[in-house]
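# Secondary and tertiary structure notes
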Amino acid sequence: MREKLEKIKEEALKQIESSDALDRLNEIRVAYLGKKGELTSVLKSMKDVSPEDRPKVGQMVNDARAIIEAKLEETKNILARKIREEQMKAEVIDVTLPAKKSNVGHSHPNAIALEEVERIFVGMGYEVVEGPEIEYDEYNFTKLNIPPNHPAKDEQDTFYINKDIVLRTQTSPVQARTMEKGKLPIRMISPGRVFRSDEVDATHSPSFHQVEGLVIDKNITFADLKGTLAEFARELFGEETKVKFRPHHFPFTEPSAEMDVSCFKCGGKGCRFCKGTGWIEILGCGMVHPHVFEMCGVDTETYTGFAFGVGLERIALLKYEIDDMRLLYENDVRFLRQF
Ligand code: DAH
């Protein structure tokens, strides 16, 4: 019995010494000291030992158990320390290495132009409102006095999700949405992305941005429109800027106009920038059409209003003298950093 115990102990110690993982130590503990372990099975065979010898054998089993346990504990501590040391070595930070430079981007000319436009209108008491880019045909066209099958729809051909839902061709549908909420008076601008099925060239893109404006109150006249947009032009392009309104047609305004600003490059004398005319076209505008009011639930007896729409890219291109719209979509920071 003594020999058997000695052998079990030796074998256990040998295995413990040669193990290199905490899991392995656990396996050894189970194999020797566990319920079905080798040492335990010796205890179970005590019935074959003569009663006088039992205390001695019992003592021997306990001693062997204590030695194995101590060895397990000691090896566990050594292994744990080794693992920790290896981890620390692996995680060491070499403070002498050159730092990684993080790339800092730059505000986009569109974003800078929009901030400027928002600053001007918020300063005049306007709210900034947003609308969906995926829009009902009804809001994009019908409620803006462009009925189904009307040829005016052709000018703003776009991408259809299905026959009732389009990628909006203009920010004007936000006018209809705001009016329908029924909270009057309204003084709002609505910037956002719009879409048309246009080929890409220096002045066109299938996706660009507009800022819509809408004012509805009692006694709003064309004089309010002129005064507001003239002030907008002066703030955006400089104190000296003059404005000119040319009659135009938009289905949702009556009368409608396009507004030109005096060329801020040559001051109106005529240059390459304004193609010799002294004027630069900047936005569309007009008095909200009574049909639009009716379709959007605004009382035409009490209220009148004006609206306008301006292309954000157009402002950015003019203000920063960029001659190709495609540059705006490349997002090359070397280009963007110039503004
Ligand atoms: N939505 C027009 C366009 O995309 C621009 C516009 C013109 C908006 C006149 C208006 C407006 O609100 O009154 O061409």
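Scroll up a little and you will see the structure.
These remarks concern the structure in this document. (Residues numbered from 1 in each chain as written. Predicted model: local features only at pLDDT ≥ 70, side-chain atom pairs only at ≥ 80, totals over all residues. Heavy atoms only, no water.)

### Considerations on the side chain of Thr-178
- With respect to the secondary-structure elements, Thr-178 resides in helix α7 (residues 173-180).
- Only 2.6 Å separates the side chain of Thr-178 from the backbone oxygen of Val-174, close enough to count as a polar contact.
- Each residue touching Thr-178, except ones within four places of it in the same chain, is listed here: Val-129, Ile-186 and Met-188. (Helix = DSSP H or I, 4+ residues; strand = E, 2+ residues; numbered from the N terminus. Polar contact = N/O pair within 3.5 Å; in protein donor to acceptor, adjacent residues only side chain to side chain. Contact = heavy atoms within 4.5 Å.)

### Section: the packing of aromatic side chains
- Going through the model one piece at a time under the given rule, you end up with 11 aromatic pairs.
- Judged by centre distance (5.8 Å) and plane angle (70°), the ring pair of Phe-264 and Phe-273 falls under edge-to-face.
- Judged by relative accessible area, Phe-264 falls into the partly exposed class, the value being 25%.
- Look at Phe-273 and you get partly exposed, because its relative accessible area is 28%.
- Through a chain of ring-to-ring contacts, the aromatic side chains of Phe-121, Tyr-126, Phe-232, Phe-306 and Phe-308 assemble into a single cluster. (Phe/Tyr/Trp six-rings, centres within 6.5 Å; stacked < 30°, edge-to-face > 60°. Buried < 20%, exposed > 50% of the residue type's maximum accessible area, 1.4 Å probe, protein only.)

### As for the packing of helix α5 (residues 109-123) against helix α10 (residues 312-319)
- Taken N-terminus to C-terminus, the directions of α5 and α10 make an angle of 100°; their axes are 9 Å apart at the nearest point. One finds that α5 runs roughly perpendicular with respect to α10. For the pair α5 and α10, the contacting residues are Pro-109, Asn-110, Ala-113, Leu-114 and Val-117 in the first and Leu-312, Glu-313, Ile-315 and Ala-316 in the second.
- Residue composition of the contact of α5 with α10, grouped by class: 7 nonpolar, 1 polar and 1 charged. (Axes fitted to C-alpha atoms, helices over the stretch in contact; angles between N-to-C directions. Parallel < 35°, antiparallel > 145°, perpendicular 65-115°, else oblique. Nonpolar A, V, L, I, M, F, W, Y, C, P; charged D, E, K, R; others polar.)

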